Amino acid sequence: MRLLFLLVFISLNAFSQKIELGDMTHYQNSSLDLLRQEFNVYLDNKILTIDLYNFEKRIKPVILDKSLPAGPKYLSLQLLQVQNSIYFIHGSGGLVYTLANDTLIRIDNSFDHGMQYGSPVFEHEGTIFKYGGYGFWSMRDFFTYYDKKQHEWEVFHPIASNIIPQGIGFPYFIKNQEHFHVFGGTVLNPDNRREQFNNNEVWTFDFNKTTWRFLGKHKEIKESSKMIPYRNKLLLIQKNQMAVIDIEENTKTIYRHSPITSQTNGIRHVTYANGKFYVVLFNTTGAYLLILEETDFFGEIVEQAPFYKNQAYWLKQGSLYLLVMALIIFTFWLIKKNFISRNKIKLLDNGLRYHLKFTEFDPESMAIIRLLLSEKEVSSSQILRIVEK
């Protein structure tokens, strides 16, 4: 095993940047700051910052605000970067923290209501949003957002749709400019709220029109260790493969693992930006930040297929099926027609042909044959008039 890792990292030196991170015993989170060209690693009570220009490292302590009780791992909460600020958001809802200089402070006037476990957190036009989530035997089916002026969470309205998706928890999602795509996750059995089912519906929300649209249904998604926003798509790192889901193009592309991504148990964080992947990787030789080109991150493509299917898909498939069947029937008809034609005696101007054999007749004989073929009944006098000479 050590030899395998050695070979992997020897090969890495040829196509990537590798920065040793040191002691990561208390690792909690990571983020990429494109404006400052820095990569931040959040530990228990300090931040390790790596300058991406010269790869120098510096460490600064994190001070807890006096109002915060010691003990909770605040920096391990859901991390969201909005413009130039970093927020740490409690997964069950309500609580929001941020770093002011070197001090971690709480900025909300809310409380931990426990109603939004498994709700996606994302940014839209500089505002923090959540969607769905589970709590108290129910699933949310609406958006909430953090009001910076009131320091409270508010429900997002109005919604101009006549239909909305069923309440959902722990879904996959893609946020692209004005569109929020959501799929997978779990929904409740309306007849037994203690029972949850896997969701297979794909929905998209348009923030400009404030409308929902049902796109179709997808097959079950294999369990993923990491979900990474990637070029307006979603990249899933799975045990034996990687999948890239593109809702707008309706494709699911399966890739083989590269030498790095095959170490799924050691990957703690992945961020994509400007054509590069930033990977925090732990293994038996240490902890590293790897900066990889896309071509080095992905293995070869295994297959590509539609991700979801809907009525339009089945109509298209049905039309293709009918077209293929029509072509098959027409082909058989042509073959049969040609076979029958080949086994018929053909009447020519000066004789008869059967297969490749030709028999020539004199003009009188040809006239009699045509006469016999043209009438149901032919009198002897008709024939005698032809041959009387």
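Thresholds applied
Residues numbered from 1 in each chain as written. Predicted model: local features only at pLDDT ≥ 70, side-chain atom pairs only at ≥ 80, totals over all residues. Heavy atoms only, no water. Helix = DSSP H or I, 4+ residues; strand = E, 2+ residues; numbered from the N terminus. Rg over C-alpha atoms; globule rule 2.2 N^0.38 Å. Buried < 20%, exposed > 50% of the residue type's maximum accessible area, 1.4 Å probe, protein only. Areas by Shrake-Rupley, 256 points an atom, 1.4 Å probe, with all protein chains shown as cover. Pairing = 2+ DSSP bridges. Polar contact = N/O pair within 3.5 Å; in protein donor to acceptor, adjacent residues only side chain to side chain. Contact = heavy atoms within 4.5 Å. 1 Å grid on protein atoms, 1.4 Å probe; cavity = no way out; pocket = protein on both sides within 12 Å on 5 of 7 lines; lining within 4 Å. Points joined across faces, edges and corners; volume = space filled by probe spheres on them. Nonpolar A, V, L, I, M, F, W, Y, C, P; charged D, E, K, R; others polar. Core = buried A, V, L, I, M, F, W, Y, C linked by side-chain atoms within 4.5 Å. pLDDT = per-residue confidence, 0-100. Salt bridge = Lys/Arg side-chain N within 4 Å of Asp/Glu carboxyl O.

**Student:** Got a sec to walk through the overall build of the protein chain? Specific residues and values, please.
**Tutor:** In terms of regular secondary structure, the protein chain is built from five helices and 32 strands. For the protein chain, the C-alpha radius of gyration of 36 Å lies well beyond 21 Å, the compact-globule estimate for 389 residues. For the protein chain, the C-alpha atoms occupy an extent of roughly 130 × 55 × 35 Å along the three principal directions. Evaluated residue by residue, the protein chain yields a buried proportion of 42% over its 389 residues. Here the protein chain displays about 23,300 Å² of accessible surface, and carbon together with sulfur accounts for 53% of that area.

**Student:** Account for the sheet that holds strand S31 (residues 351–354), naming residues and giving values.
**Tutor:** Strand order in the open sheet formed by three strands is S30-S31-S32, with antiparallel pairing between adjacent strands. This sheet does not close on itself; its edge strands, each paired only once, are strand S30 (346–347) and strand S32 (357–360). By the bridge criterion, four bridges tie S31 to S32 in an arrangement that is antiparallel. Residue pairing in the sheet places Tyr354 in a bridge with Lys357 of S32.

**Student:** Describe the side chain of His124, naming the residues involved and giving the relevant values.
**Tutor:** Among the structural elements, His124 can be located in strand S11 (residues 121–124). Here Lys175 takes part through its side chain, which lies 3.2 Å from a polar atom of the side chain of His124. Leave out the neighbours within four places in its chain, and His124 touches Phe129, Lys175, Gln177, Glu178 and Phe207.

**Student:** Account for the sheet that holds strand S6 (residues 63–64), with residues named and values stated.
**Tutor:** The strand order across the open sheet built from five strands is S6-S10-S9-S8-S7, with neighbouring strands paired in mixed fashion. For this open sheet the edge positions go to S6 and strand S7 (78–82), each flanked by a neighbour on one side alone. In the sheet, S7 pairs with strand S8 (residues 85–89) via five bridges, with the strands oriented antiparallel. The residue of S8 that forms the bridge with Gln78 is Ile89.

**Student:** Account for the layout of surface pockets, naming residues and giving values.
**Tutor:** Taken as a whole, the largest pocket encloses approximately 1,900 Å³ of empty space. Forming the walls of the largest pocket are 48 residues, and the residues nearest its centre are Leu79, Leu80, Phe173, Met227 and Pro229. Contributing elements (two or more residues each) for the lining of the largest pocket: strand S2 (29–33), S7, S11, strand S15 (172–176), strand S21 (224–230), strand S22 (233–238) and strand S25 (267–273). Its residues assigned to classes, the lining of the largest pocket comprises 24 nonpolar, 17 polar and seven charged. Volume-wise, the second largest pocket comes out at about 390 Å³. Asp33, Arg36, Asn40, Lys60 and Leu99 are the residues nearest the centre of the second largest pocket, which is lined by 17 residues in total.

**Student:** Talk me through the nonpolar core; I want residue IDs and the actual numbers.
**Tutor:** Core analysis: the largest hydrophobic core is formed by 19 residues, its most contacted members being Leu235, Val270, Phe277, Val279, Phe297 and Phe298. The set of elements that each furnish at least two residues to this core consists of S21, S22, strand S23 (242–246), S25, strand S26 (276–283) and strand S27 (286–293). Setting aside residues no more than four positions away along its own chain, Phe298 makes contact with Tyr230, Leu235, Met242, Val244, Tyr255, Arg256, Ser258 and Phe277. Among the nonpolar cores identified, the runner-up in size contains 18 residues, and Leu48, Phe282, Ala287 and Leu289 belong to it.

**Student:** Tell me about empty space enclosed by the protein, and name the residues and values.
**Tutor:** Tallying each qualifying case throughout the model produces one cavity of 30 Å³ or more. By volume, the largest cavity is sized at about 70 Å³. Taken together, Tyr131, Pro165, Gln166, Ile168, Val182, Phe183, Val187, Asn199, Glu201 and Trp203 make up the lining of the largest cavity. If you list the elements that add at least two residues to the lining of the largest cavity, you get strand S16 (179–183) and strand S19 (201–206).

**Student:** Provide a residue-level description of the confidence of the model for the protein chain, including the pertinent values.
**Tutor:** Predicted confidence across the protein chain gives a mean pLDDT of 88, with 92% of residues reaching 70 or more. Below a pLDDT of 50 lies the segment residues 1–15, which in the model reaches 18 contacts outside its immediate sequence neighbourhood of four places, other chains included.

**Student:** If you had to explain the pattern of salt bridges to someone new, which residues and values would you point to?
**Tutor:** Following the criterion strictly, the structure yields seven salt bridges and no others. Of the charged contacts in the structure, one is a salt bridge between Asp33 and Arg36, with a shortest N-O distance of 2.7 Å. Residue Asp33 is classed as buried on the basis of its relative accessible area of 9%. Across the pair Lys60 and Asp102 runs a salt bridge, and its minimum N-O distance is 3.7 Å. A residue pair is termed long-range when its members are at least 10 positions apart, and Lys60 in strand S5 (residues 57–61) and Asp102 in the loop between strand S9 (96–100) and strand S10 (103–106) qualify at 42 residues. Taking the relative accessible area as the measure of exposure, Lys60 reaches 35% and is therefore partly exposed. With relative accessibility at 30%, the residue Asp102 sits in the partly exposed group.

**Student:** Kindly report on the side chain of Glu294, identifying the contributing residues and their values.
**Tutor:** Within the secondary structure layout, Glu294 lies in helix H2 (residues 294–297). Looking at Glu294, the relative accessible area reads 16%, which means it is buried. At 2.6 Å, the side chain of Glu294 forms a polar contact with the side chain of Tyr230. Not counting the four nearest positions on each side in its chain, Glu294 is found in contact with Tyr230, Arg231, Tyr272, Gly275 and Phe277.

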